[in-house]
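Summary of structural features
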Amino acid sequence: RKEVEQDPGPFNVPEGATVAFNCTYSNSASQSFFWYRQDCRKEPKLLMSVYSSGNEDGRFTAQLNRASQYISLLIRDSKLSDSATYLCVARGGGNKLTFGTGTQLKVEL
Amino acid sequence: EAQVTQNPRYLITVTGKKLTVTCSQNMNHEYMSWYRQDPGLGLRQIYYSMNVEVTDKGDVPEGYKVSRKEKRNFPLILESPSPNQTSLYFCASSLWAGGRIGELFFGEGSRLTVL
């Protein structure tokens with residue numbers, strides 16, 4: 001079982017839709033979590049950190065469920081520019097960062 | 001402009017010909033790391049460095065070497081490249097504060113093909 005698992009997608013959604021991705025992690029000692037965004041053939045960039053209480057940044061909401069060991073990313077009012085691959089990242093003991101393989105989102109007209 | 005710079009961005013080489021991919025950051029970050037990204041496998045860490053002269057193996061270090069003689073530079077060395085090292089490589093850096101790695105800043109990537 002992979003340490004961090006994501007549905008690869010692609011998720012094809014119309015513009016304006018709300019879409020949610022989940023990411024599960026197997027290491028219960030994981031301390032922090034992040035969502036990175038990666039455009040095709042580009043470098044990953046931090047989208048948002050995920051806090052225990054959940055956090056929101058504009059149209060994006062991230063939540064953590066430690067009991068079930070998953071984190072989620074919700075995107076409201078999807079834009080064409082949201083089309084990208086979203087990488088889930090878990091930081092474990094010793095500051096080891098483990099990346100998921102990513103979920104591809106395609107927002108269509 | 002704060003950035004991580006990798007060179008070369010694209011390289012085609014042949015088996016056994018030593019090569020170095022350079023990485024430089026101008027943000028005075030303590031932490032630097034190399035990743036390779038392959039389809040279906042995601043980003044996997046090759047080596048990382050907490051500070052000058054401090055390096056350690058990641059998940060897939062075989063066939064690679066690194067050095068950290070200066071804070072800003074973290075070159076990746078392939079002594080004898082093989083076709084299974086064909087991949088997209090990313091260098092990343094981060095602040096190291098309070099015992100934690102912060103946001104990772106990635107270079108633009110180096111696409112390496114080994115024939």
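The shown structure was predicted, so the numbers you read here are calculated from the model rather than taken from an experiment.

1. Points about the overall build of chain B
In terms of regular secondary structure, chain B is built from zero helices and 13 strands. When the helices and strands of chain B are listed from N to C terminus, the series reads β-β-β-β-β-β-β-β-β-β-β-β-β. For chain B, whose C-alpha radius of gyration is 13 Å, the value lies close to the compact-globule estimate of 13 Å for 115 residues. Structurally, chain B occupies a C-alpha span of about 45 × 25 × 25 Å along its principal axes. For chain B, buried positions account for 48% of its 115 residues. Taking the contacts inside chain B whose residues are at least 6 apart along the sequence as the reference set, 53% of them involve residues at least 24 apart. Counting every atom, chain B has about 5600 Å² of accessible surface; 51% of that belongs to carbon and sulfur. Between the averaged position of the 13 positive side-chain charges in chain B and that of its 11 negative side-chain charges there is a distance of 4 Å.

2. Describing the overall build of chain A
Counting its regular elements, chain A contains zero helices and eleven strands. Its helices and strands in sequence order give chain A the pattern β-β-β-β-β-β-β-β-β-β-β, from N to C terminus. On C-alpha atoms alone, chain A measures out to a radius of gyration of 13 Å, which is about the 13 Å that the 2.2 N^0.38 rule sets for 109 residues. Its C-alpha atoms give chain A principal-axis dimensions of roughly 45 × 30 × 20 Å. Across the 109 residues in chain A, those meeting the buried criterion constitute 45%. Put simply, of all contacts in chain A between residues at least 6 apart along the chain, 57% involve residues at least 24 apart. Taken as a whole, chain A presents about 5300 Å² of accessible surface, with 47% of it coming from carbon and sulfur. Chain A carries 13 positive and 11 negative side-chain charges, and their two centres are separated by 5 Å.

3. Quick look at the environment of Thr-13 of chain B
Residue and element names in this part refer to chain B. Position of Thr-13 among the secondary structure elements: in strand S2 (residues 10-13). Separated by 101 residues in sequence, Thr-13 and Val-114 have C-alpha atoms that sit 5.0 Å apart. With near-sequence residues (within four places) excluded, Thr-13 lies in contact with Leu-19, Leu-112, Thr-113, Val-114 and Leu-115.

4. Overview of the pattern of salt bridges
In total, this model carries eleven salt bridges over all chains according to the counting rule given. In this structure, Arg-37 of chain A engages Asp-39 of chain A in a salt bridge whose closest nitrogen and oxygen atoms are separated by 2.8 Å. On the accessibility criterion, Asp-39 of chain A (31% relative accessible area) is partly exposed. Between Lys-18 of chain B and Glu-79 of chain B there is a salt bridge, and its shortest N-O distance comes to 4.0 Å. Placement of the pair is Lys-18 of chain B in the loop between S2 and strand S3 (19-25) and Glu-79 of chain B in the loop between strand S8 (76-78) and strand S9 (87-94), with a sequence separation of 61 residues. Judged by its relative accessible area of 35%, Glu-79 of chain B is partly exposed. Within the structure, one salt-bridge network assembled from shared partners comprises Lys-18, Lys-65 and Glu-79 of chain B.

5. Structural notes on the interface of chain A and chain B
In this complex, chain A contributes 17 residues to the contact, which on the side of chain B involves 18 residues. Summing the contributions of chain A and of chain B, the shared interface buries around 1600 Å²; its carbon and sulfur component is 51%. At the boundary of chain A and chain B, one finds one salt bridge. As a salt-bridge pair, Lys-96 of chain A and Asp-59 of chain B come within 2.6 Å of each other at their nearest N and O atoms. Of all elements in the fold, only strand S4 (32-38), strand S9 (84-91) and strand S10 (97-99) of chain A reach the threshold of two or more residues within the side of chain A that touches chain B. Among the elements that take part in the side of chain A that touches chain B, S4 of chain A stands out by supplying three residues, more than any other. When grouped by side-chain class, the residues that make up the side of chain A that touches chain B number six nonpolar, five polar and six charged.

Each value, and the rule that gives it
Residues numbered from 1 in each chain as written. Chains lettered and ligands numbered in written order. Predicted model: local features only at pLDDT ≥ 70, side-chain atom pairs only at ≥ 80, totals over all residues. Heavy atoms only, no water. Helix = DSSP H or I, 4+ residues; strand = E, 2+ residues; numbered from the N terminus. Rg over C-alpha atoms; globule rule 2.2 N^0.38 Å. Buried < 20%, exposed > 50% of the residue type's maximum accessible area, 1.4 Å probe, protein only. Contact = heavy atoms within 4.5 Å. Areas by Shrake-Rupley, 256 points an atom, 1.4 Å probe, with all protein chains shown as cover. Lys, Arg positive; Asp, Glu negative; His and termini not counted. Charge placed at Lys NZ, Arg CZ, Asp CG, Glu CD. Salt bridge = Lys/Arg side-chain N within 4 Å of Asp/Glu carboxyl O. Buried area = accessible area lost by both parts, 1.4 Å probe. Nonpolar A, V, L, I, M, F, W, Y, C, P; charged D, E, K, R; others polar.

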